[in-house]
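Here are the chains, one letter per residue:
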Amino acid sequence: MWAVVGVWELSTEMHDEWRAQVPLMASSKVGLPGFAHGTWTQDGHAIQVYDNEADARRYHADMLEKGYLERPGLRNVVWDVAEVGAESQAP
C-alpha cells in the first residue's frame, strides 16, 4: 500500500474555511482509482492510502498540476508519497 501525505499551514482566516471543506475533501476521494482509506484533520493534515504506487503517484501529481496545494492563506509544508510499512485495526 502507498500513502499520499500532506501537511498545510493555515492562516487564521483560512481555518474555518478548511474545517468546512474537510467532509467534501474526504468524500470526493472514495471513487478514485486505488483509493483505500483516508484521514483528514481539522488543522491541515491528510493521509490518503492507495492500494498501489501508480494510483498514489497519479493522484499526487494531479494535485500538483492543478495547483490545489497552495492558495492565499494556505501554505503546503509536506506533499509526498510513501510506502506504507504497517497497518493496524482495533478489534
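Below, the structure is looked at part by part.

1. Some points on the overall build of the chain
Stage number 1. Check the secondary structure of the chain and you find 2 helices and 4 strands.
Stage number 2. Secondary structure elements of the chain, listed N to C terminal, follow the sequence β-α-β-β-α-β.
Stage number 3. Compactness check: the chain gives a C-alpha radius of gyration of 13 Å against a globular reference of 12 Å for 91 residues, within 12% of the reference.
Stage number 4. Its C-alpha atoms put the chain at 35 × 35 × 20 Å along the principal axes.
Stage number 5. The proportion of buried residues among the 91 residues of the chain is 32%.
Stage number 6. Total accessible area on the chain is roughly 5800 Å²; 54% of this is exposed by carbon and sulfur atoms.
Stage number 7. Taken together, the 7 basic and 14 acidic charged side chains of the chain have centroids lying 4 Å from each other.

2. Thoughts on the sheet that holds strand E4 (residues 74-83)
Stage number 1. In space, the 4 strands of this open sheet follow the order E2-E3-E1-E4, with antiparallel pairing throughout. Where the open sheet ends on each side, the last strands, each with one partner, are strand E2 (35-40) and E4. Taken over all neighbouring pairs, the strand axes of this sheet differ in orientation by 10 degrees on average, direction set aside.
Stage number 2. With 5 bridges connecting them, E2 and strand E3 (residues 45-50) associate as antiparallel partners. Looking across to E3, one finds that His-37 is bridged to Val-49.
Stage number 3. Set on the sheet, helix H1 (residues 12-27) makes contact with strand E1 (2-10), E2, E3 and E4; between it and E1 the angle comes to about 155 degrees.
Stage number 4. Running at roughly 165 degrees to E4, helix H2 (residues 53-65) makes contact with E1, E3 and E4 of the sheet.

3. Things to note about the environment of Gly-31
Stage number 1. Residue position: Gly-31 is located in the loop between H1 and E2.
Stage number 2. A residue is classified by how much of its surface remains accessible, and Gly-31, at 71% relative accessible area, is exposed.
Stage number 3. For the pair formed by Gly-31 and Val-78, sequence separation is 47 residues and the distance between their alpha carbons is 24 Å.

4. A closer look at the layout of surface pockets
Stage number 1. Considering only enclosed or pocket space, the largest pocket measures out at about 550 Å³ in volume.
Stage number 2. Lining the largest pocket are 25 residues; nearest its centre among them are Met-25, Lys-29, Tyr-59, Met-63 and Tyr-68.
Stage number 3. Elements with a contribution of two residues or more to the lining of the largest pocket: H1, E3, H2 and E4.
Stage number 4. For the lining of the largest pocket, the element with the most residues is H2, which contributes 5 residues.
Stage number 5. Residues belonging to the lining of the largest pocket are distributed by class as follows: 14 nonpolar, 4 polar and 7 charged.
Stage number 6. Here the second largest pocket is characterised by a volume of approximately 180 Å³.
Stage number 7. Lining the second largest pocket, in full, are Met-1, Ala-36, His-37, Thr-39, Ile-47, Val-49, Val-84, Glu-87, Ser-88 and Gln-89.
Stage number 8. In terms of residue count, the dominant contributor to the lining of the second largest pocket is E2 (3 residues).
Stage number 9. Of the residues belonging to the lining of the second largest pocket, the class tally is 5 nonpolar, 4 polar and 1 charged.

Here is what the cut-offs are and how they apply
Residues numbered from 1 in each chain as written. Predicted model: local features only at pLDDT ≥ 70, side-chain atom pairs only at ≥ 80, totals over all residues. Heavy atoms only, no water. Helix = DSSP H or I, 4+ residues; strand = E, 2+ residues; numbered from the N terminus. Rg over C-alpha atoms; globule rule 2.2 N^0.38 Å. Buried < 20%, exposed > 50% of the residue type's maximum accessible area, 1.4 Å probe, protein only. Areas by Shrake-Rupley, 256 points an atom, 1.4 Å probe, with all protein chains shown as cover. Lys, Arg positive; Asp, Glu negative; His and termini not counted. Charge placed at Lys NZ, Arg CZ, Asp CG, Glu CD. Pairing = 2+ DSSP bridges. Axes fitted to C-alpha atoms, helices over the stretch in contact; angles between N-to-C directions. Contact = heavy atoms within 4.5 Å. 1 Å grid on protein atoms, 1.4 Å probe; cavity = no way out; pocket = protein on both sides within 12 Å on 5 of 7 lines; lining within 4 Å. Points joined across faces, edges and corners; volume = space filled by probe spheres on them. Nonpolar A, V, L, I, M, F, W, Y, C, P; charged D, E, K, R; others polar.

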